[in-house]
Amino acid sequence: MMKKILLAIGVLVALVLIGAGTAMGVATHKINKSYDYVALPNITRDTSPEGIARGEQVFRAVCAECHAGGGNTKPVGVRMHDFPPDLGTFYSANITSDPEKGVGAWTDQEIARMVINGIDKSHHFRPMPAFPNMGDKDIAAVIGFMRSGHPDFAPEKQQPPRSELTPPGRMVFAFAMGINDKGRTEPVPVPAKAADSVEYGRYLAGSVYDCVFCHSPGFDGSAVKLQHPDTVLSGGFEFDLTPLGGEGKLLSPNITVSETAGIGKWTLDEFILAMRTGVTPGGYILRAPMPKYRYADDAELTALYTFLRSMKPNDKVVPPPAGGRPKAEPTNDPEKMFSALGCATCHAPGKAYEAKLQGAKGKAPEEVAKWIRNPESFKPGTQMPTYETLVDENNALSLAKYVLGKTGGTVSEGTAP
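Residues numbered from 1 in each chain as written. Predicted model: local features only at pLDDT ≥ 70, side-chain atom pairs only at ≥ 80, totals over all residues. Heavy atoms only, no water.

1. Brief notes about the overall build of the protein
Across its full length, the protein holds 15 helices and five strands. What you see for the protein is a C-alpha radius of gyration of 23 Å, in line with the 22 Å of a compact globule of 417 residues. With respect to the principal axes defined by its C-alpha atoms, the protein has extents near 80 × 60 × 45 Å. A total of 417 residues make up the protein; the buried ones form 47% of that total. Within the protein, counting contacts between residues at least 6 apart in sequence, those at least 24 apart form 67% of the total. A total accessible area of about 19400 Å² is found for the protein, and carbon and sulfur atoms account for 58% of it. Treating the 44 positive side-chain charges of the protein as one cloud and the 45 negative ones as another, the clouds have centres 6 Å apart. (Helix = DSSP H or I, 4+ residues; strand = E, 2+ residues; numbered from the N terminus. Rg over C-alpha atoms; globule rule 2.2 N^0.38 Å. Buried < 20%, exposed > 50% of the residue type's maximum accessible area, 1.4 Å probe, protein only. Contact = heavy atoms within 4.5 Å. Areas by Shrake-Rupley, 256 points an atom, 1.4 Å probe, with all protein chains shown as cover. Lys, Arg positive; Asp, Glu negative; His and termini not counted. Charge placed at Lys NZ, Arg CZ, Asp CG, Glu CD.)

Structure below.
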């Protein structure tokens with residue numbers, strides 16, 4: 001009897017291994033195969049002033065953080081942290097106008113297919129967050145901005161490594177997330193823009209700004225996550241902070257209208273301020289990879305708020321990262337401010353952007369203080385939070401002098417970093 005049991009267990013284990021091996025083989029084939037049959041969408045750049053402005057609005061909020069990163073604005077490709085490290089090592093592509101290293105030799109339609117399907121010019125899949133439901137008009141606007149002659153897209157020869165997927169990563173992208181190999185044959189409209197429109201807010205949250213994907217658990221696309229009202233927007237998606245000098249994983253927060261675990265107590269004005277400046281009503285600093293929506297207008301942000309208010313609240317509490325979330329506390333001590341304002345999260349020794357402080361070297365402390373309070377006035381599109389509501393001019397000056405001391409430089413006349 002025991003021999004029969006052991007034989008049955010052995011057969012079961014063999015079948016499991018065969019099944020796993022077969023699944024891995026299929027996943028690897030799906031990742032590496034040529035998708036030359038995926039049709040190019042009929043989308044052409046929008047070169048109107050309105051289209052270019054809209055394209056910049058979307059690009060700065062959606063594309064720049066992945067393709068430029070680190071407070072930079074030139075999309076030369078960087079290490080990405082959108083997925084847990086168990087899935088692999090991810091790099092975004094150089095999408096400047098360089099014809100060899102960038103997308104200068106790509107057609108508008110090839111760029112559009114990359115956005116929609118994640119299929120590149122050579123017909124191969126790239127593991128990036130695709131936007132299959134973004135409207136044709138918005139995609140055309142983004143391409144129009146990329147092809148507008150803006151200096152950020154001037155040719156650059158930098159070429160990041162290709163992303164490397166682990167076996168679990170191949171399984172996730174091939175099966176859990178799925179590879180979209182359905183060419184777009186019909187145009188996808190953009191809903192009418194209106195601040196009080198739940199439909200427009202849903203479109204922005206699920207198809208453009210990807211709030212739904214990042215703030216909902218699991219690897220399904222936004223369209224699927226929206227079909228699960230019990231979990232959508234409840235947080236828990238894992239990001240990897242380790243390469244940034246962080247404390248390991250970061251779970252996206254709950255942004256349902258729960259008053260205990262989400263953002264149910266936020267007013268519209270507080271929501272808009274947090275989205276633009278990166279500072280919550282409670283004084284917490286929104287950490288990367290959460291972007292700052294500096295280019296979004298009031299109608300868009302109000303529509304997002306309207307959509308969130310229409311969704312089911314969820315009281316699931318998402319634990320903070322090991323190092324806690326930076327919170328601005330009243331203090332006249334610049335060293336404490338450097339930590340409390342979250343500056344240390346990015347600029348302390350060993351952190352990802354430690355070297356960025358050297359940009360202040362030799363500058364006048366008054367100018368550095370202005371940068372601290374309103375960095376976007378010096379560098380539009382920067383992902384550094386706006387501290388104007390948290391730090392007055394005197395404290396900003398004190399913090400500026402402290403920062404200049406950390407650069408090892410001397411104080412002189414000049415402009416902000």
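2. Focus on empty space enclosed by the protein
Here the structure, examined in full by the defined rule, presents two cavities of 30 Å³ or more. Taken together, 10 residues form the lining of the second largest cavity, with Arg 79, Met 80, Phe 83, Gly 88 and Asp 240 sitting closest to its centre. Broken down by secondary-structure element, the contributors of at least two residues to the lining of the second largest cavity are β1 (79-80) and β2 (88-91). Broken down by class, the residue content of the lining of the second largest cavity amounts to five nonpolar, three polar and two charged. (1 Å grid on protein atoms, 1.4 Å probe; cavity = no way out; pocket = protein on both sides within 12 Å on 5 of 7 lines; lining within 4 Å. Points joined across faces, edges and corners; volume = space filled by probe spheres on them. Nonpolar A, V, L, I, M, F, W, Y, C, P; charged D, E, K, R; others polar.)

3. Considerations on the environment of Ala 303
Within the element layout of this structure, Ala 303 appears in helix α10 (residues 298-310). Each C-alpha atom of the pair Ala 303 and Tyr 203 lies 9.5 Å from the other, and the pair is 100 residues apart in sequence.

4. Structural notes on unusual backbone geometry
Even without a glycine there, the phi angle at His 123 is positive, about 75°. Mapped onto the fold, His 123 is located in the loop between α3 (108-117) and α4 (136-146). The phi dihedral of Asp 210 falls on the positive side, at around 60°, and the residue is not glycine. Mapped onto the fold, Asp 210 is located in the loop between α6 (198-208) and α7 (211-214). Asp 210 sits in the buried class, given a relative accessible area of 11%.

5. Focus: the pairing of β2
Side-chain alternation along β2 places Gly 88 and Phe 90 on a buried face and Thr 89 and Tyr 91 on a face that remains uncovered. One ladder, built from two bridges, connects β1 with β2; its direction is antiparallel. Note on β2: the bridge partner recorded for Met 80 is Phe 90. (Pairing = 2+ DSSP bridges.)

6. With respect to the environment of Cys 211
Of note, Cys 211 is situated in helix α7. Overall, Cys 211 belongs to the buried group, its relative accessible area being 12%. Between the alpha carbons of Cys 211 and Pro 167 there is a distance of 27 Å; along the sequence they are 44 residues apart. Once residues within four sequence positions are removed from consideration, Cys 211 is found in contact with Ala 205, Leu 233 and Leu 304.

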